[in-house]
Amino acid sequence: MRCPNCGNLDDKVLESRTMVNGESIRRRRECLACGYRFTSYERIDEKPFMVIKRDLRRQPFEREKLEKGIARALEKRPVSSSMIEQISNDIEDLAVKKGRESREISTADLGELVLEKLYTIDKVAYIRFASVYRHFENLDEFITEVKNIEKRGKSNE
């Protein structure tokens, strides 16, 4: 595996973890030349997992887009980049399980999975993501969502 830092081809595997019911393997690697640590994934090359857009177009699931959206919602929040990666892993696993039969998931279902996860981790990130995902048009919609969080919080006490 080529090191993304220096381009060297010699590395060692520090940790391997099976994910998504054995359908992929996550490997933490360390470059033997520069010591840079990076993650690689091994997956079976099969029919791609697809996302059904609102206009019914289908496009391949892109983990990078998912991680970028989550990172954007958690920007300047007290959440580490390793936690963002773990959140992305969890959501990807849930999405694949949910769409196992058809090998696809709607953006609505995917967005709801992200919202559920963010709600448990950081309420501000939840609101940030919800405002984009649910296309808040005005302040009233935003305030309604904040009140819904308050109601959920009080009912869980």
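Residues numbered from 1 in each chain as written. Predicted model: local features only at pLDDT ≥ 70, side-chain atom pairs only at ≥ 80, totals over all residues. Heavy atoms only, no water.

Draft legend 1. Local environment of helix H2 (residues 81–98). Compared with an ideal rise of 1.5 Å per residue, which puts 18 residues at 26 Å, H2 spans 26 Å between its outermost C-alpha atoms and is within 8% of the ideal. Here H2 has its buried residues at Ile84, Ile87, Ser88, Asn89, Ile91, Glu92, Asp93, Ala95 and Val96. In this structure, the buried residues of H2 make contact with strand E1 (11–19), strand E2 (24–31), strand E3 (37–43), helix H1 (63–73), strand E6 (104–106) and helix H3 (107–121). (Helix = DSSP H or I, 4+ residues; strand = E, 2+ residues; numbered from the N terminus. Expected span 1.5 Å × (residues − 1). Buried < 20%, exposed > 50% of the residue type's maximum accessible area, 1.4 Å probe, protein only. Contact = heavy atoms within 4.5 Å.)

Draft legend 2. Spatial organisation of the side chain of Asp93. Inspection of the secondary structure assignment puts Asp93 in helix H2. Lys97 provides the closest opposite charge to the buried, salt-bridge-free Asp93, at an N-O distance of 5.8 Å. (Lys, Arg positive; Asp, Glu negative; His and termini not counted. Salt bridge = Lys/Arg side-chain N within 4 Å of Asp/Glu carboxyl O.)

Draft legend 3. Quick look at the state of the cysteines. With the rule as written, the count across this model stands at zero disulfides. Just so you know, Cys6 is unpaired, no disulfide at all, and the nearest cysteine sulfur is the one on Cys31, 3.6 Å from it. Given the relative accessible area of 41%, Cys6 is considered partly exposed. (Disulfide = S-S within 2.5 Å.)

Draft legend 4. Focus on the pattern of salt bridges. The final tally for this structure, using the stated rule, is 13 salt bridges. Between Asp55 and Arg57 there is a salt bridge; the shortest N-O distance is 2.7 Å. Residues Arg77 and Asp122 are paired through a salt bridge, measuring 3.0 Å at the closest nitrogen-oxygen approach. Here Arg77, found in the loop between H1 and H2, pairs with Asp122, found in the loop between H3 and helix H4 (123–133); they are 45 residues apart in sequence, far enough to count as distant. Look at Arg77 and you get partly exposed, because its relative accessible area is 29%. Look at Asp122 and you get buried, because its relative accessible area is 7%. When salt bridges that share partners are traced, they join Lys12, Glu30 and Arg37 into one network.

These figures come from the coordinates and say nothing about function on their own.
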